[in-house]
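Fold and geometry: a report
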Amino acid sequence: RDIPATVNALTSEDIERHRSTDLSSRVARYHASTGGEVSVVDTSGRIIAMSDYDGDHDANTEDVGLVQAALAGRPVSAFGSDEGRPWAMAAVPISDGGEPAGAVLLGISSGSTLDRVHDIWLALGVFGAGLLLLSGVLGLWLARSLTRPLKRLEMTVTRFAEGDLAARASLAGPAEMRDLADRFNHMAGRLD
């Protein structure tokens, strides 16, 4: 579902009725289930509920710009770091009957997502290297299959030029090589 609509549904009634206990329990359940940080602010930017139990208050001091944008009615997101870990943040407005009622700032570690992205890039790299290796082997096989009949024709021409008038070319290889070998054999037969 749409994140702003979900947040509105979960928080606007609690804010409207000033039920901070219900809101705090929702925020605590979100934090317990995801490990993410949640802060709910009213229209003045005052914190109504928060899950930042580690006391660093990162969700409220470093991301004021996100909260201000959400209070202005625009959902926003950003990526950064929190205590050296990759972190994703999203701020969404809360509305009550179309009127702004506050904002919710959600933050969650994006380390697992980055690990998955790195795994995908690694898999793509291995797949690409495998394709390059397969192309090289296929190209080498194709080149040899084309040059082998040409090399045999060259050896036959050399033997013929050295006086072996009975030397005839093998009719093997691609159509063009077979046609050339046939013409050589016809010429060698006439000269013989």
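You'll find the structure just up there.
Residues numbered from 1 in each chain as written. Predicted model: local features only at pLDDT ≥ 70, side-chain atom pairs only at ≥ 80, totals over all residues. Heavy atoms only, no water.

Here we come to the pattern of salt bridges. Evaluation of the coordinates by the stated rule reveals four salt bridges. Where D164 meets R159, a salt bridge forms, and the shortest distance between an N and an O atom there is 3.4 Å. When its relative accessible area of 33% is taken as the criterion, D164 is described as partly exposed. Among the ionic pairs, D192 bridges to R168, the shortest N-O distance being 3.7 Å. Placement of D192 in the segment after helix 6 (175–191) and of R168 in the loop between helix 5 (111–161) and helix 6 is noted, with a sequence separation of 24 residues between them. Judged by relative accessible area, R168 falls into the partly exposed class, the value being 32%. (Salt bridge = Lys/Arg side-chain N within 4 Å of Asp/Glu carboxyl O. Buried < 20%, exposed > 50% of the residue type's maximum accessible area, 1.4 Å probe, protein only. Helix = DSSP H or I, 4+ residues; strand = E, 2+ residues; numbered from the N terminus.)

Strands in a sheet are paired, the pairing made by backbone hydrogen bonds, and the direction either parallel or antiparallel. With antiparallel pairing, five strands are arranged side by side in an open sheet as 2-1-5-4-3. Because the sheet does not close on itself, it has two edges, and the strands there are strand 2 (47–50) and strand 3 (76–82). Strand after strand, the sheet turns through a mean of 20 degrees between neighbouring axes, direction not considered. Of the strand pairs in this sheet, strand 3 and strand 4 (residues 85–96) are connected by seven bridges, and their pairing is antiparallel. Counted as the bridge partner of F79 is A88 from strand 4. (Pairing = 2+ DSSP bridges. Axes fitted to C-alpha atoms, helices over the stretch in contact; angles between N-to-C directions.)

What follows covers a nonpolar patch on the surface. Together, V117, I120, W121 and L124 make up an exposed nonpolar region whose accessible area comes to about 430 Å². By relative accessible area, which is 60% here, W121 ends up exposed. (Patch = residues over 30% accessible without salt bridge, like charges linked within 9 Å, V, L, I, M, F, W, Y side chains within 5 Å. Areas by Shrake-Rupley, 256 points an atom, 1.4 Å probe, with all protein chains shown as cover.)

The next thing to look at is the pairing of strand 4. Hairpin geometry of strand 3 and strand 4 is characterised by an intervening segment of two residues between the two adjacent antiparallel strands and by a positive phi of about 55 degrees at E83. As judged from the 10 bridges shared by strand 4 and strand 5 (residues 99–109), these two strands associate in the antiparallel manner. By the bridge assignment for strand 5, A90 is matched with L106. Where strand 4 folds back onto strand 5 in an antiparallel hairpin, the turn is made up of two residues, including G97, whose phi is positive at roughly 65 degrees.

Glancing now at helix 4 (residues 64–71). Within helix 4, the full set of buried residues consists of L66, V67, A69, A70 and L71. Buried residues belonging to helix 4 abut strand 1 (37–41), strand 3, strand 4 and strand 5. Two residues or fewer past helix 4, G73 is found with a positive phi of approximately 100 degrees. (Contact = heavy atoms within 4.5 Å.)

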